[in-house]
Each structure stands twice: as structure tokens, then as C-alpha cells.
Amino acid sequence: MKTHFVIIGNGAAGYRAAKSLRRADAGAQISVITEERHPFYLRRQLADFVAGNLSLPELIFQSRNSYRRDRIDLLMMTRVERIDPAAHEIVLFNGERIRYDRLLVATGTHAVPLGIPGADLEGVVTFDTLPQAQEVKRLLRDVRDAAILGEGIVGLTLAESLLATGVHVTQLVRGERFWPEMLEEHTSGLVQDMLEAAGATLRYETEAHAIIGEGARVIGIE
């Protein structure tokens, strides 16, 4: 009987796991489940897409046909509600159950919800997925100033891309410097110098208390 491998998540880890499993077991059934509406792309390249350095076809590495060629079942726009380990089943949003022999959860990371007033205003975007990057790109048509809350690698690459499009960026950093848990002080300073040389304004030991709106649209942060 075929082994059924189910992978939740179609990011770099999930996609490469599916390809590796197919090479290792030609007869296995492999299912990849994702909430995304697009096949595999690299999230770290979303900022290049926003800046116009990558087109949509260049960003999306594989078409659905590549999954079909490898006999990988790709279930897009599909949310897993829960896992039932005792039954070796996952339960989808519509109640459908899918049985598995082996399960890999490869959902990656997601931005922590802001949890402050004004987070639902138009113009406030979480930068995790391709649809969100497309929204940022759309908003840039009418934007001259942007604020980035957080100093992770996604925030850094997004800041670089926005600056390259002529948008002034103010970036809020919670600590005294960039990435103290990973970088020593000198290297952290190089990151700061690079951003400031490109025109960014950095605010250290600063967090947003609220997002200010005018009507339904964001106009600033407190």
C-alpha cells in the first residue's frame, strides 16, 4: 500500500520536502496543503517584487504543472482546522478529513498581530505573503512616507525596497540597536549606516502605541 505523505505549508521547507520525498519514493502519494492562492515562491524575494526588480512570473518559481509532473497533489486556498493524531487525519475548514501516514507541518513564521488601535485601517499591511506584497505595491502609487514596525529581516528588506522606490521610511526598532541577539555592536551599526545612507529614519527603543486614521485610512502612528 502506498505511503501517504501530507505536508502542511508550501514555503521553501514544504516545497523542498515534497520534491525530496518524490525522489526518495517514486510510488508514494504526496499532498501539499496551503492557504496560498499561488504555487511556490520565496518570501524573502517579496521585497524585490515590491520594488519592481522581479515580475510576478519571475517570483513564482513553479507552476501547477510542475507539481503535476512530479505527481504531487497541491491543494491551494485550503485551510487546515485541526490535526487528529490518533486517527492520523487532518481536518480541513470544510469538514473534509484527509488521512496520512506521515505528516510534516511546515507553515513557517507569521507576523505577530499588532494588537493596537487602528491596526484595521486602510493602508496598514502585514508583510507575509504575495497577496500582501501586491497590496503594498498597489498602495505605493499614492505613498510618499511609510512606517515599518519591527526590525526583522523582512522589515529590513522591505525598507530597502521602499527606499529604492523613492518612499521615505521611518523604521521603529524596539531595542537599542539592530538584532543584538545575532549581531555584535559593530555589525549592527553597519546595518544602521546602510539604512540611514539610503535615507531611512530610525527610531530606537520605540514601539507604536496606536495607529492614527483619518476616516478609514491611516495617516500616522503614535
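Residues numbered from 1 in each chain as written. Predicted model: local features only at pLDDT ≥ 70, side-chain atom pairs only at ≥ 80, totals over all residues. Heavy atoms only, no water.

**Q** Residues and numbers for a negative patch on the surface, please.
**A** A cluster of acidic residues, Glu176, Glu184, Glu185 and Glu205, forms a negative patch at the surface. Among the secondary structure elements, Glu176 is positioned in the loop between strand 9 (168-173) and helix 7 (185-197). The exposure class assigned to Glu176 is exposed, which follows from its relative accessible area of 64%. (Patch = residues over 30% accessible without salt bridge, like charges linked within 9 Å, V, L, I, M, F, W, Y side chains within 5 Å. Areas by Shrake-Rupley, 256 points an atom, 1.4 Å probe, with all protein chains shown as cover. Salt bridge = Lys/Arg side-chain N within 4 Å of Asp/Glu carboxyl O. Lys, Arg positive; Asp, Glu negative; His and termini not counted. Charge placed at Lys NZ, Arg CZ, Asp CG, Glu CD. Helix = DSSP H or I, 4+ residues; strand = E, 2+ residues; numbered from the N terminus. Buried < 20%, exposed > 50% of the residue type's maximum accessible area, 1.4 Å probe, protein only.)

**Q** Could you give an account of the sheet that holds strand 6 (residues 97-99), with specific residues and numbers?
**A** As summarised here, the arrangement of the 3 strands in space is 4-5-6, forming an open sheet in which the pairing is antiparallel. The open sheet has two edge strands, strand 4 (80-84) and strand 6, and neither has a second partner. Within the sheet, the average angular offset between the axes of one strand and its neighbour, ignoring direction, is 20°. Bridging between strand 5 (residues 89-92) and strand 6 involves 3 bridges; their strand directions are antiparallel. Note that in strand 6 the partner of Ile90 across the bridge is Ile98. (Pairing = 2+ DSSP bridges. Axes fitted to C-alpha atoms, helices over the stretch in contact; angles between N-to-C directions.)

**Q** Any details on the packing of helix 6 (residues 153-164) against helix 7? Residues and values, ideally.
**A** In contact at an axis separation of 10 Å, helix 6 and helix 7 are set at 20° when each is read in the N-to-C sense. By the criterion of interaxial angle, the relationship of helix 6 to helix 7 is roughly parallel. Like other packed secondary-structure pairs, helix 6 and helix 7 cross with a definite hand, here left-handed. Each of Leu156, Ala159, Glu160 and Leu163 in helix 6 lies in contact with helix 7, whose residues at this interface are Val191, Met194 and Leu195. Residue composition of the contact of helix 6 with helix 7, by class: 6 nonpolar, no polar and 1 charged. (Parallel < 35°, antiparallel > 145°, perpendicular 65-115°, else oblique. Left-handed = near helix turned anticlockwise from the far one by under 90°. Contact = heavy atoms within 4.5 Å. Nonpolar A, V, L, I, M, F, W, Y, C, P; charged D, E, K, R; others polar.)

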